[in-house]
Amino acid sequence: MSQPEEQPSEEVVFHRVARAGQVPEGYIRRFYVGDLECAVARLRGQVFATSNYCTHLDCLLSSGKIIDDGIRCSCHGSVFDLETGDPIYPPATEPIAVYPVREEDGEVYVGVSEADVVSGGPRRRRLRRD
Ligand code: FES
């Protein structure tokens, strides 16, 4: 009889990802929180963190641009709201994951859970073979 699989924790833990100066106004940068790949951007002084994968065809959002209130994917032009992750311009129809951010003492921290890491993106997801 097989054991039920343990569910990943939903507890959010904040991880330092960058110095504040590494995320200048209007730019998007890629950072990793363990195995999770994030796009981290600053808009009007506030820092936002999202999944780095567009929900249309998985292009990297850190290669995109900040426009209005969103992050625009460089591949086919989808735009996602930085605060909610909702698609605000097609072709993407599914939201991207967003993560809480704290900026303290000149450092940027992103909050993620084990569940976020497990569901964080196909390019970094590892298949367990044990
Ligand atoms: S992969 Fe992002 S819009 Fe197509």
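Residues numbered from 1 in each chain as written. Predicted model: local features only at pLDDT ≥ 70, side-chain atom pairs only at ≥ 80, totals over all residues.

Peer 1: Would you mind going over the nonpolar core in detail, with residue names and values included?
Peer 2: Among the nonpolar cores identified, the biggest contains 28 residues, and Cys38, Val40, Ala41, Ile71 and Val110 are the most heavily contacted of them. In terms of residue count, strand S3 (residues 36-43) provides more of this core than any other element does, five residues in total. The contact partners of Ala41, leaving out residues within four places of it in the chain, are Val23, Tyr27, Ile28, Phe48, Ile66, Ile71 and Leu82. (Core = buried A, V, L, I, M, F, W, Y, C linked by C-beta atoms within 7 Å. Buried ≥ 20, exposed ≤ 12 C-beta atoms within 10 Å, placed from the backbone. Helix = DSSP H or I, 4+ residues; strand = E, 2+ residues; numbered from the N terminus. Contact = placed C-beta atoms within 7 Å.)

Peer 1: Describe in detail the sheet that holds strand S8 (residues 87-89), supporting the description with residues and values.
Peer 2: Spatially, the four strands line up as an open sheet ordered S5-S6-S7-S8, and their pairing is antiparallel. At either margin of the open sheet sits one strand with a lone partner, and together these are strand S5 (65-67) and S8. Within the sheet, the average angular offset between the axes of one strand and its neighbour, ignoring direction, is 35 degrees. Taken together, the three bridges between S5 and strand S6 (residues 70-72) define a ladder with antiparallel strand orientation. Bridge pairing in S6 places Ile67 opposite Gly70. (Pairing = 2+ DSSP bridges. Axes fitted to C-alpha atoms, helices over the stretch in contact; angles between N-to-C directions.)

Peer 1: Please set out the confidence of the model for the protein residue by residue, giving values where relevant.
Peer 2: Per-residue confidence for the protein gives a mean pLDDT of 89, with 89% of residues at or over 70. Averaged over each element, pLDDT in the protein is lowest for helix H1 (residues 114-118) (87) and highest for strand S7 (residues 79-81) (97). (pLDDT = per-residue confidence, 0-100.)

Peer 1: Could you give an account of the sheet that holds strand S9 (residues 98-99), naming the residues involved and the relevant values?
Peer 2: Read across the sheet, four strands follow the order S2-S3-S4-S9 without closing on themselves; strand pairing throughout is antiparallel. Both edges of this open sheet fall to strand S2 (28-33) and S9, since each of them pairs with a single strand only.

Peer 1: Just give me the short version of the pairing of strand S10 (residues 101-104), but keep the residues and values in it.
Peer 2: Alignment of S10 against strand S11 (residues 107-112), held across four bridges, turns out to be antiparallel. Its bridge partner lying in S11, Glu103 is registered against Val108. Connecting the antiparallel pair S10 and S11 is a turn made up of two residues, with Asp105 showing a positive phi of about 50 degrees.

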